[in-house]
Amino acid sequence: MIKVGVSGAAGRMGDAVCEAVGAAEDTELAGRADPALGVELGEILDGADVVVDFTTPETALDNARACLEAGVHAVVGTTGFDLDQLRAAAESSDGGANCFVAPNFAIGAVLMMEVSQAIAAHMPECEIVELHHDRKLDAPSGTAKRTAELIGAAGGNVHEPIHSVRLPGLVAHQEVIFGGEGQTLSLRHDSIDRRSFMPGVLLAVREVGNLPDRFTVGLEKLL
Ligand SMILES: NC(=O)c1ccc[n+]([C@@H]2O[C@H](COP(=O)([O-])OP(=O)(O)OC[C@H]3O[C@@H](n4cnc5c(N)ncnc54)[C@H](O)[C@@H]3O)[C@@H](O)[C@H]2O)c1
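> Tell me about the overall build of the protein chain, residues and numbers included.
Helices and strands together make up the secondary structure of the protein chain, namely six helices and eleven strands. Against the globule reference of 17 Å for 223 residues, the protein chain gives a C-alpha radius of gyration of 18 Å, in line with a compact fold. For the protein chain, the C-alpha atoms occupy an extent of roughly 60 × 35 × 30 Å along the three principal directions. Here the protein chain holds 223 residues, and the buried ones make up 50% of them. Taking the contacts inside the protein chain whose residues are at least 6 apart along the sequence as the reference set, 72% of them involve residues at least 24 apart.

Okay, structure coming up:
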């Protein structure tokens, strides 16, 4: 059994992770940390092999550092903070633990990013529209920034700005629209329930300890 601590356990994503970890046959919930529950991350590290963090842009870096220093693998889903600082922390950590980050744990969103790169080689001009619930703290989304990065690396030209829509009723959605001479091509992914992220989170929990590098970004690396 993999013992999993959840950081941000009282939040929308953290709550769904606790449920998924409890339901899977090879994982067990080792602790739920969240100021809303009166439990500090430091209190659950002793009993955990892996901690999954879905918190806030302000706290995710310190949380991941605390895990790595304690020799606990970190799976980070929080978006909107500087990944270069986290990479540096993970690569200089001597606790023997790995850090895995995914801006999006939904397989459909990862496939949208993969296909976008293939399209960009033939139709480079594109725009990204991302749509999320109105309590999301960061804009543009981590998924949109990562998609733009990957399309750019594949030779595409993502027009600025990335468009961010925030409305009640939405969960997490993204459209990539490519335009060429006399034609457009649109890709759209919709997470209509937070359960869409859970198979990816569980895959990361199972694989983070086997990764060859201290720091890895992107669910595609595990597929
Ligand atoms: N990677 C993905 O696939 C994915 C998917 C959805 C959301 N997200 C990201 O996950 C994050 C959380 O989203 P949410 O909708 O669950 O937010 P939320 O506001 O519902 O939950 C965040 C929780 O973190 C807690 N928290 C704050 N500081 C903390 C600390 N120091 N230690 C532990 N817990 C702390 C808060 O009390 C809250 O309960 C956001 O950054 C969001 O963008 C990522």
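> Now, about the site of the ligand: what can you tell me, with residues and values included?
Surveying the vicinity of the ligand reveals 24 residues, the closest of which are Met13, Asp34, Thr79, Phe105 and Lys136. At 2.8 Å from an oxygen atom of the ligand is found a main-chain nitrogen or oxygen belonging to Met13. Gly77 places a main-chain nitrogen or oxygen 3.1 Å from a nitrogen atom of the ligand. For the ligand, whose accessible area on its own is 880 Å², the fraction buried by protein is 80%. The pocket occupied by the ligand, as judged from atoms lying within 2 Å of grid points, is the largest pocket. Residue classes in the shell around the ligand are distributed as nine nonpolar, eleven polar and four charged.

> Residues and numbers for the pairing of strand β1 (residues 2–7), please.
Two strands pair when backbone bridges link them, and β1 and strand β2 (residues 27–33) are joined in this way by six bridges, in the parallel orientation. Pairing of Val4 across the sheet is with Leu29, part of β2. With helix α1 (residues 12–23) bridging β1 and its parallel neighbour β2, the resulting β-α-β unit is right-handed.

> For the layout of surface pockets, give the residues involved together with the corresponding values.
Unfilled space is identified by rolling a water-sized probe across the atoms. If you add up the space inside the largest pocket, you get close to 700 Å³. Around the largest pocket, the lining is made up of 35 residues, and of these Met13, Phe54, Thr79, His133 and Lys136 lie nearest the centre. Residue assignment for the lining of the largest pocket shows that the elements contributing at least two residues are α1, α4 (107–120), α5 (142–153) and β9 (172–180). The residue inventory of the lining of the largest pocket, partitioned by class, reads twelve nonpolar, 17 polar and six charged. The space that makes up the second largest pocket amounts to roughly 330 Å³. Phe81, Leu83, Gly142, Lys145 and Glu149 are the residues nearest the centre of the second largest pocket, which is lined by 16 residues in total. Where the lining of the second largest pocket is concerned, the elements lending two or more residues are α3 (83–92), α5 and β11 (215–217). Looking at side-chain class alone, the lining of the second largest pocket contains seven nonpolar, four polar and five charged residues.

What counts, and at which threshold
Residues numbered from 1 in each chain as written. Predicted model: local features only at pLDDT ≥ 70, side-chain atom pairs only at ≥ 80, totals over all residues. Heavy atoms only, no water. Helix = DSSP H or I, 4+ residues; strand = E, 2+ residues; numbered from the N terminus. Rg over C-alpha atoms; globule rule 2.2 N^0.38 Å. Buried < 20%, exposed > 50% of the residue type's maximum accessible area, 1.4 Å probe, protein only. Contact = heavy atoms within 4.5 Å. Near = heavy atom within 4 Å. Polar contact = N/O pair within 3.5 Å; in protein donor to acceptor, adjacent residues only side chain to side chain. Areas by Shrake-Rupley, 256 points an atom, 1.4 Å probe, with all protein chains shown as cover. 1 Å grid on protein atoms, 1.4 Å probe; cavity = no way out; pocket = protein on both sides within 12 Å on 5 of 7 lines; lining within 4 Å. Sits in = over half its atoms within 2 Å of the grid points. Nonpolar A, V, L, I, M, F, W, Y, C, P; charged D, E, K, R; others polar. Pairing = 2+ DSSP bridges. Right-handed = clockwise from strand over helix to strand, strands pointing away. Points joined across faces, edges and corners; volume = space filled by probe spheres on them.

No statement about biological role is implied by the geometric values presented.
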